[in-house]
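What the coordinates show
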Amino acid sequence: MNNSGVVNTGSESGAATATSEPLAKRQRIDLRIGGMTCAHCPTAIEKALAAVDGVSGAHVNPATKIARIDYDPSRTKIASILQAIRAVGYTVGTATARIPIKNMHCSSCVIRVELALQMTPGIVSARANLGPNAADIEYQPEKVDFQEIRKAIESAGYRVAEPKIDPQSETLDPSEAANDEEYRTLMRKFWFAAVISIPVMALSYPDLILGLRDWMPMGSDARRTVWALLGVLSLPVLVWAGSQFFTGMWDALKHRAANMHTLIAIGISAAYAYSVVAVAAPGVFPNMALAEVFWDVTDVVVALVVLGLALEIKAKGRTSQAIKKLIGLQAKTARVIRDGKETDIPVEEVLVEDVVVVRPGEKVPVDGKVIAGASAIDESMITGESMPVEKQMGDEVIGGTLNKTGSFRFIATKVGKDTALATIIRMVKDAQGSKAPIQRVVDTVSGYFVPAVMILAVLAFIAWYNFGPEPRSIFSTVIFVTTLIIACPCALGLATPTSLTVGIGKGAENGILIRSGDALQASEKLDSIILDKTGTITRGEPALTDVVVTPGHDEQEVLRLTASLERGSEHPLGEAIVKGAEARKLTLIDAEGFTAIPGLGVSGRIDSHDVLFGNAKLMRDRGIAVQLQQTDWERLANEGKTPMYVAIDGSAAGLVAVADTVKPDSKAAIAILKGLGIEVVMLTGDNERTGRAIAREVGIDRVLAEVLPNDKAHEVQKLQLEGKSVGMVGDGVNDAPALAQADVGFAIGTGTDVAIEASDVTLIKGSLMGVVTAIEISRATMRNVRQNLVGAFGYNTLGIPVAMGVLYPFIGLLLSPLIAAAAMAFSSVTVVTNANRLRFFQPRRTGS
Amino acid sequence: MTPDRWIVTATGLALIAFIVWFFWLKRSTGFRATETSGGYQEAMILVKGGYTPDTIIVRSGRPVRLNFRREETASCSDKVIFADFQKSAELPTGQVVAVELLPKEPGEFGFACPMGMFRGRLIVE
């Protein structure tokens, strides 16, 4: 099955002969194709390849699953060939890796490394980057290994930094490391500013301290000298610890923009400048009492705001904990069978169609299908389902889940960035980066915010200078600085994105993928939810529900005979009966003379009994009286089930009924939804009677029955026309138009297929409780966003006027710039901390 | 009013007028994206204290590729969001990150960092 050893070899020689032709410059590449299951696959791929400009020939061998492609490298890149293959729905067996490179410093180095890599056979694409000092390559693992890649890099004159490739470092580390570095720098600056603040604060107010007042009275030389020294001491605080405010202001000014840095930078430099004048040229002040210094303002403001920034970075790091957890789930190695032997290889080298071995306690490395063995797998990290799931031959396994009990082998179906886990990580990141509509208001405000605060500060200065009490210059300066410092644009800016990041991450932890901020905000407001019956409320496959026997017959025996007979049938209802019998631990045997009577039923001979199983017409045809079973038949049919007659040796023995059964937590979920004030509507293509029966069972009042698949979207629209905000829950395939029409489309995921295009929310675990959790998360998150916004807006609208001194004429209240700095620093930390509270959200569990 | 009051008031009002003009009234002219042989309209954008250039002019109906290069570590700018296109991209420091868009209709579309401190405009003609 796994042909990895057979792949390739022809290509290099092929390329050599082909390139020797002078006119048509050609190269040949062999690519392993995954996902080829049907007869027309090779043709489809060949057609797609032929359409790529520069491809002169393509042949796909369905047996080896290798595509051999001749192309002109001057007209096309391998990347576009890969894209063409992926576009028609197949996977190509390439892997990606990030290789850290040493001593790569200039942009010409980047080009040399890239060229060296691109020339290496087996490397499909290579991109080097100075930032992380690494090359991202896509390669064919069966053609080239890390040794050769390293050789290629060394041949260009560079070195590979670490021999080991760590997949976890790939996605989050660069920014993570930058954040850590930033945090450490900020904390160093904080301690520096804080330590200097203490003597500066004490000596700036000598009049408050008994001994000092006498030693350095106002206007004395001693005081001037001490104050000058304090100014020297405070200078590094301003230019080093506060440097990010000035660089931040400058960078923004170049773009005609202003931000928090602008406000702080103006504030602290105004305080510093006033103090310099007070010490250096006290004569310019009409009164000696005006020659005050504000070194302490500079030092304490820098210390507090820098501390706030550092705490904010820490808290913001926690908001993306969910995604870090997901990334951490990725397995590092896989045990695959290569050349008939079990080999441990890095997970990036696993190819589609590889056979992977998983032992108890190990992680499933990639997505696939079990081909041998059985086990229970803990899938809670992906689906949110806490119970381990039994897996046997033919079942799908998801990469990143934990194998519990048994050993098994599976065939890889999705690897690299195609796995469910990689898709989930990508979707969550995208969603966390999206904006909720509520954010637009904030965006408009924050565009005007900082310049407006600057204007207010200037106005306050003018007002206090003209009408304020003496000493006017001190009052107006302090007011000006306080107004600039108390304003906190950060709190406004952080309010929505941090909550969204935590909320969407929380969803992912519970097996709910919310696609965007829009979807999250819309989910909160739903007042009506349409549930598709089959596959959403119910399991979507029939199961044995009832066995009713006529007196004198044994229930087990009737079922055993019926199931034994149905073993020969391929009808889905028959399968349900066989499964049901097996679940009751009945031993089935083969039937003799099995006959399927189309449209009627089946017959055969088992254990020397003639058994007949089918509908009423079959019984009538064979002259078997079924009047006795009639009431039971009607009762079962009214319950939405499909009852069928069993006759043994020419007389009616009873009824066996099958039905699409309701998922275990559907009823509880629907009850909770109703409790949340949401109208629940059931939509089904089945007849009214079956629909009503299920609706009764789960407690739904409104049923839209006999809806053709194409009309589902229309039904959603009709409900929307009633003025309702409508959510639609269904599978991603048949219900796609209805999901797209709904205000929020919830797609019930199936196994590893998580990227359902039409949906706004994907429920990885196929349970309706997911809808409840999704709505509860959206409500909790939006509540959190509102708290943050009210807090941030409230803080600024109250804080700024108070800082401007509007309360002074009434109650004599003025804010110290030191208090303003503390308030400002902690307002943004508070916003992020409040968002982090969402991490404690617990989804409801059924039965609790 | 004393002369010092006159001076403070006049200077203050002038300052306010300057702030209004500097931050709100003057707008950048915009940078027209270059068209590549592949049919893409490309532009390189530097992320440092803002987006440079911050106004990109493109034509509608053709794919746009904006190559962001972030040269700072401030945590706000680590992401760029195109809210109208439902697209976002992480911008690790020092790395070029391409954002591809297909503007179908003419109009003005903003892009910004998650906190909205950095702003840019995509003008589609």
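Nothing here was measured: the structure is a model prediction, and the numbers come from that model. (Residues numbered from 1 in each chain as written. Chains lettered and ligands numbered in written order. Predicted model: local features only at pLDDT ≥ 70, side-chain atom pairs only at ≥ 80, totals over all residues. Heavy atoms only, no water.)

Turning our eyes to something else, we now look at the sheet that holds strand S13 (residues 375-378) of chain A. In spatial order, the strands read S14-S13-S16 (chain A); together these 3 strands make up an open sheet with antiparallel pairing. At either end of the open sheet lies a strand with only one pairing partner, and these are strand S14 (389-391) and strand S16 (402-403) of chain A. (Pairing = 2+ DSSP bridges. Helix = DSSP H or I, 4+ residues; strand = E, 2+ residues; numbered from the N terminus.)

All names here are of chain A. Strand order in the open sheet made by the 7 strands is S18-S30-S29-S28-S19-S26-S27, with mixed pairing throughout. Two strands in the sheet have a free side with no partner beyond their single neighbour: strand S18 (512-514) and strand S27 (702-704). Put simply, the sheet's adjacent strands are angled 20° from each other on average, direction ignored. As defined by bridge partners, strand S19 (residues 528-532) adjoins strand S28 (residues 726-731) across 4 bridges and the pair is classed as parallel. Across the sheet, the residue bridging to leucine 531 is valine 729, located in S28. (Axes fitted to C-alpha atoms, helices over the stretch in contact; angles between N-to-C directions.)

Quick look at the nonpolar core now. Counting 181 residues, the largest nonpolar core has A:Phe245, A:Ile529, A:Phe746, B:Leu66 and B:Phe68 as the members making the most contacts within it. Of all the elements, helix H28 (residues 769-804) of chain A adds the most residues to this core, at 16 residues. Ranked by size, the runner-up nonpolar core spans 24 residues in total, among them A:Leu544, A:Leu561, A:Ala576 and A:Val611. (Core = buried A, V, L, I, M, F, W, Y, C linked by side-chain atoms within 4.5 Å. Buried < 20%, exposed > 50% of the residue type's maximum accessible area, 1.4 Å probe, protein only.)

All names here are of chain A. Averaged over all residues, the pLDDT of chain A equals 82, while 90% of them reach at least 70. Note that residues 1-24 has pLDDT below 50 and, in this model, 30 contacts with residues that lie over four places away or in other chains. Note on residues 163-172: pLDDT under 50 across the span, and 19 contacts to partners over four residues away in sequence or across chains. (pLDDT = per-residue confidence, 0-100. Contact = heavy atoms within 4.5 Å.)

All names here are of chain A. By the element assignment, alanine 270 lies in helix H10 (residues 260-280). Separated by 211 residues in sequence, alanine 270 and valine 481 have C-alpha atoms that sit 7.0 Å apart. With residues near it in sequence (within four places) discarded, alanine 270 still touches Phe480 and Val481.

In this section: helix H1 (residues 3-25) of chain B. The first and last C-alpha atoms of H1(B) sit 31 Å apart over 23 residues, in line with the 33 Å expected at 1.5 Å per residue. B:Arg5, B:Val8, B:Thr9, B:Gly12, B:Ile16, B:Ile19, B:Phe22 and B:Phe23 are the residues of H1(B) that are buried. In this structure, the buried side of H1(B) is in contact with helix H9 (243-254), helix H15 (439-467) and helix H16 (472-486) of chain A. (Expected span 1.5 Å × (residues − 1).)

Facing 45 residues of chain B, the contacting portion of chain A comprises 49 residues. Roughly 4000 Å² of surface becomes buried between chain B and chain A when both sides are summed, with 56% attributable to carbon and sulfur atoms. When the area that chain B buries against chain A is broken down by residue, the three leading residues are B:Phe23, B:Trp24 and B:Met115, summing to 17%. Joining chain B to chain A, the criterion identifies 2 salt bridges. The tally of links between chain B and chain A comes to 4 residue pairs in polar contact (both at pLDDT 80 or more). Those elements giving two or more residues to the side of chain B that touches chain A turn out to be H1, strand S4 (51-52), strand S7 (79-82) and strand S8 (87-90) of chain B. Ranked by residue count, the leading element in the side of chain B that touches chain A is H1(B), at 14 residues. Each residue belonging to the side of chain B that touches chain A can be placed in one class, and the counts come to 23 nonpolar, 13 polar and 9 charged. (Buried area = accessible area lost by both parts, 1.4 Å probe. Salt bridge = Lys/Arg side-chain N within 4 Å of Asp/Glu carboxyl O. Polar contact = N/O pair within 3.5 Å; in protein donor to acceptor, adjacent residues only side chain to side chain. Nonpolar A, V, L, I, M, F, W, Y, C, P; charged D, E, K, R; others polar.)

Further remarks concern the packing of H15(A) against H16(A). All names here are of chain A. One way to put it is that H15 packs onto H16 with a least axis distance of 8 Å and a crossing angle of 165°. As summarised for this structure, H15 and H16 are arranged roughly antiparallel, according to the angle between their axes. Judged by the sense of rotation from one axis to the other, the crossing of H15 with H16 is right-handed. Here Val453, Met454, Ala457, Val458, Ala460, Phe461, Trp464 and Tyr465 of H15 lie close against H16, whose contacting residues are Arg472, Ser473, Phe475, Ser476, Thr477, Ile479, Phe480, Thr483 and Leu484. (Parallel < 35°, antiparallel > 145°, perpendicular 65-115°, else oblique. Left-handed = near helix turned anticlockwise from the far one by under 90°.)

When we look at a pair of aromatic rings, we describe it by the centre distance and by the angle of the planes. This structure, assessed with the given rule, holds 23 aromatic pairs over all chains. Where B:Phe68 meets B:Phe82, the ring centres are 6.1 Å apart and the plane angle is 70°; that geometry is what we call edge-to-face. Of this pair, B:Phe68 sits in strand S6 (residues 64-70) while B:Phe82 sits in strand S7; the two residues are 14 residues apart in sequence, bridging distant segments of the chain. You'll find B:Phe68 and B:Phe82 in the same group, each marked buried. Ring-pair connections join several aromatic residues into one group, and the members of that group are B:Tyr51, B:Phe68, B:Phe82, B:Phe85, B:Phe109, B:Phe111 and B:Phe118. One Lys or Arg, A:Arg472, reaches over the ring of A:Tyr465 and ends 4.8 Å from the middle of that ring. (Phe/Tyr/Trp six-rings, centres within 6.5 Å; stacked < 30°, edge-to-face > 60°. Lys NZ or Arg CZ within 6 Å of the ring centre and 35° of its normal.)

Residue and element names in this part refer to chain A. A contiguous nonpolar patch, built from Tyr205, Leu208 and Ile209 and spanning about 300 Å² of accessible area, is present on the exposed surface. Note on placement: isoleucine 209 falls in the loop between helix H6 (173-204) and helix H7 (210-215). Of the residues examined, isoleucine 209 reaches a relative accessible area of 35% and is grouped as partly exposed. (Patch = residues over 30% accessible without salt bridge, like charges linked within 9 Å, V, L, I, M, F, W, Y side chains within 5 Å. Areas by Shrake-Rupley, 256 points an atom, 1.4 Å probe, with all protein chains shown as cover.)

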